[in-house]
Amino acid sequence: MRLLILGGSQFLGRAIAVQACAAGHDVTCAARGLSGPIASGARFVQVDRDVSDGLEPLAREAFDAVVDVSRHPGQVRRAVAALKRPSVHWTFVSTVSVYSDNRTPGQRADTAPLRPPTAPEIEHGSDETYGAAKVACEQAVGENAFICRAGLLVGPEDPTGRFAYWPARLARGGEVLAPGAPDDAVQFIDVRDLARWIVHAAQTGLTGVYDGIGPIRTRGELLTGCSATLGASCTFTWVDRAFLEAHDVRRWAGPRSLPLWLPLPDYAGFATRDTTPARDAGLRSRAISETARDTLGWLRASNGPVVGLTIEEERDVLAAWHARSPR
Ligand SMILES: NC(=O)c1ccc[n+]([C@@H]2O[C@H](COP(=O)([O-])OP(=O)(O)OC[C@H]3O[C@@H](n4cnc5c(N)ncnc54)[C@H](OP(=O)(O)O)[C@@H]3O)[C@@H](O)[C@H]2O)c1
């Protein structure tokens with residue numbers, strides 16, 4: 001397959017290129033060249049998708065499949081106009097942030113309600129309009145495409161440092177501050193599994209709208225599974241939402257957060273998506289233990305980012321918890 005990745009110099013795009021090269025495909029990555037290196041074995045073509053004729057360097061090339069990871073409607077419209085042909089398999093990597101209802105558990109990609117798209121004149125998405133801009137991107141892609149709505153991506157080379165917080169924290173052992181309850185749902189996908197499925201979709205001509213995310217797991221399973229794999233000796237102190245919020249522990253990601261934690265019941269639907277259609281269409285998820293081990297190995301080898309509570313912040317919150325509720 002002659003595969004064009006519009007992107008390929010960041011986390012998921014690079015992982016797709018790695019998988020496609022390993023499968024023997026002829027891989028081209030088109031980007032500005034600002035975000036990072038592309039996979040070895042892939043060919044780089046410099047383009048700027050923010051200008052009207054920015055895809056000109058690809059004009060005389062032919063591809064069997066295209067994968068686009070953009071979050072900007074203007075970029076997607078230009079790519080579709082320049083490169084989408086009936087003979088070309090088209091994958092657009094979207095996001096579960098397109099959904100308007102994060103509260104209802106068990107939703108499916110084909111029936112879940114979407115946010116309204118950004119206005120037609122909006123070219124660029126932003127952090128605030130991310131989900132709405134991706135809806136506009138999906139609409140620009142149109143029919144006869146594989147729309148893959150990715151969930152939380154984890155694993156080696158994650159630039160956000162959020163999932164990495166847990167392997168890094170658990171590897172230190174000791175008393176671990178854990179958010180919510182052990183049976184709270186968590187849902188994510190190892191970037192390598194999603195990349196493999198996207199290459200598989202291009203190879204097999206899969207079309208339609210799917211969630212690209214792994215099975216529903218519990219936070220207890222995640223934490224105990226990771227700590228056992230990493231050979232760490234941990235005890236878990238589960239602390240409820242009200243206490244965490246009162247002590248300014250932040251949700252989901254970023255400084256002072258407990259990553260992957262979203263308050264319930266507001267986000268009861270976010271980590272409980274029904275992925276039966278994706279599994280039936282070939283998506284496979286590796287064990288948490290493998291993701292945790294490889295993420296920790298990458299962190300140690302490359303000093304990758306880890307973002308969340310600092311050691312001191314965790315210690316202070318645990319001390320406050322015990323002062324309120326002695327063991
Ligand atoms: N991370 C998550 O947990 C998560 C969750 C759900 C969905 N997703 C989706 O998964 C995908 C992640 O993709 P990714 O990891 O490869 O990262 P990304 O940040 O979406 O990558 C953007 C790519 O586009 C290129 N690019 C940006 N502006 C450009 C321009 N003007 N002209 C040409 N190229 C341009 C960048 O390279 P240059 O800067 O070198 O040009 C980069 O390779 C996205 O679609 C995201 O919405 C991610």
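Here the structure is a predicted model, which means the values were calculated and not measured.

What follows deals with the site of the ligand. Residues in contact with the ligand amount to 29 residues; listed here are only the nearest, Ser9, Leu34, Ser35, Val69 and Tyr130. Within the contact set of the ligand, an oxygen atom lies 2.7 Å away from a backbone nitrogen or oxygen of Leu12. Separating an oxygen atom of the ligand from a side-chain N or O atom of Arg162 is a distance of 2.8 Å. For the ligand, the accessible surface in isolation is 910 Å², of which the surrounding protein chains cover 89%.

Glancing now at the side chain of Thr28. Checked against the element boundaries, Thr28 lands in strand E2 (residues 26-31). When its relative accessible area of 1% is taken as the criterion, Thr28 is described as buried. Only 2.9 Å separates the side chain of Thr28 from the side chain of Arg43, close enough to count as a polar contact.

Enumeration according to the criterion identifies nine aromatic pairs in this entry. A ring pair is formed by Phe163 and Phe188, whose centres lie 5.6 Å apart and whose planes are at 50 degrees; its orientation type is tilted. A residue pair is termed long-range when its members are at least 10 positions apart, and Phe163 in the loop between strand E7 (153-154) and helix H4 (165-172) and Phe188 in the loop between strand E9 (185-186) and strand E10 (189-190) qualify at 25 residues. Classification of Phe163 by relative accessible area gives buried; the value is 1%. What makes Phe188 buried here is its relative accessible area of 3%. Over the aromatic face of Tyr99 sits the side chain of Arg273, whose NZ or CZ is 3.7 Å from the ring centroid.

Here the focus is the sheet that holds strand E1 (residues 2-6). Read across the sheet, seven strands follow the order E3-E2-E1-E4-E5-E6-E11 without closing on themselves; strand pairing throughout is parallel. This sheet does not close on itself; its edge strands, each paired only once, are strand E3 (43-46) and strand E11 (208-212). Averaged over neighbouring strand pairs, the angle between their axes works out to 20 degrees when direction is ignored. Across five bridges, strand E5 (residues 89-95) lies against strand E6 (residues 146-150) in parallel orientation. Within E6, the position partnered with Phe92 by the bridge is Ile147. Its contacts with the sheet put helix H5 (residues 191-204) on strand E4 (65-68), E5, E6 and E11, and the angle it makes with E6 is roughly 170 degrees.

It is worth spelling out the side chain of Asp68 at this point. Looking at the element boundaries, Asp68 is found in strand E4. Residue classification places Asp68 among the buried residues on the basis of a relative accessible area of 0%. A distance of 2.8 Å separates a polar atom in the side chain of Asp68 from a polar atom in the side chain of Arg49. Engagement of the side chain of Asp68 in a polar contact is seen with the backbone nitrogen of Ser70, the distance being 3.0 Å. Contacts of Asp68, omitting those with residues within four sequence positions, involve Leu6, Arg49, Val76, Ala79, Thr91, Phe92 and Val93.

Under the definition given, this model contains 26 salt bridges. Arg172 is paired through a salt bridge with Glu314; the nearest N and O atoms lie 3.9 Å apart. With Arg172 in helix H4 and Glu314 in helix H10 (residues 311-324), the pair connects residues that are 142 residues apart, well separated along the chain. Since its relative accessible area comes to 45%, Arg172 is described here as partly exposed. Where Arg286 meets Asp193, a salt bridge forms, and the shortest distance between an N and an O atom there is 2.9 Å. With Arg286 in the loop between helix H8 (276-280) and helix H9 (288-302) and Asp193 in helix H5, the pair connects residues that are 93 residues apart, well separated along the chain. In terms of burial, Arg286 and Asp193 fall into one category: buried. Residues joined by salt bridges that share partners form a network here, namely Asp190, Arg192, Asp193, Arg286, Glu290, Arg293 and Asp294.

Definitions and limits used
Residue indices follow the written sequence of each chain, beginning from 1 at its first position. Given that the model is predicted, a residue must reach a pLDDT of at least 70 before its local features are reported, and side-chain atom pairs must reach 80 or more before they are shown or counted; all residues, however, enter totals for whole chains, interfaces and linings. Hydrogens and waters are ignored; side-chain quantities use all the structure's heavy atoms. Proximity is defined per residue: if any heavy atom of the residue lies within 4 Å of a molecule or strand, that residue is considered near it. Throughout this description, a polar contact denotes any pair of N or O atoms lying within 3.5 Å of each other; where both atoms belong to protein, one of them has to be capable of donating a hydrogen while the other can accept it, and for residues adjacent in sequence the pair is counted only when both atoms sit in side chains. Each accessible area is a Shrake-Rupley result for a 1.4 Å probe, and residues are judged covered by the shown protein chains and nothing else. Numbering of helices and strands runs from the N terminus; a helix is a DSSP stretch of H or I covering at least four residues, while a strand is a stretch of E covering at least two. Here's how the labels work: a residue is buried when its accessible area is under 20% of the maximum for its type, exposed when over 50%, partly exposed in between, all with a 1.4 Å probe on protein chains only. Each pair of aromatic rings taken from Phe, Tyr and Trp, with Trp reduced to its six-membered ring, is defined by centres within 6.5 Å and is described as stacked if the planes are under 30 degrees apart, edge-to-face if over 60, and tilted in the remaining cases. Whether a charge lies above a ring is judged from NZ of Lys or CZ of Arg, which has to be within 6 Å of the ring centre and within 35 degrees of the ring normal. Pairing between two strands requires that DSSP report at least two bridges joining them. Each axis is a line fitted through C-alpha atoms, and for a helix only the stretch in contact is used; angles between axes span 0 to 180 degrees, taken between their N-to-C directions. Throughout, a contact is declared for two residues whenever any of their heavy atoms are within 4.5 Å. A pairing counts as a salt bridge when a side-chain nitrogen of Lys or Arg comes within 4 Å of a carboxyl oxygen of Asp or Glu.

Nothing here speaks to function; it is geometry throughout.
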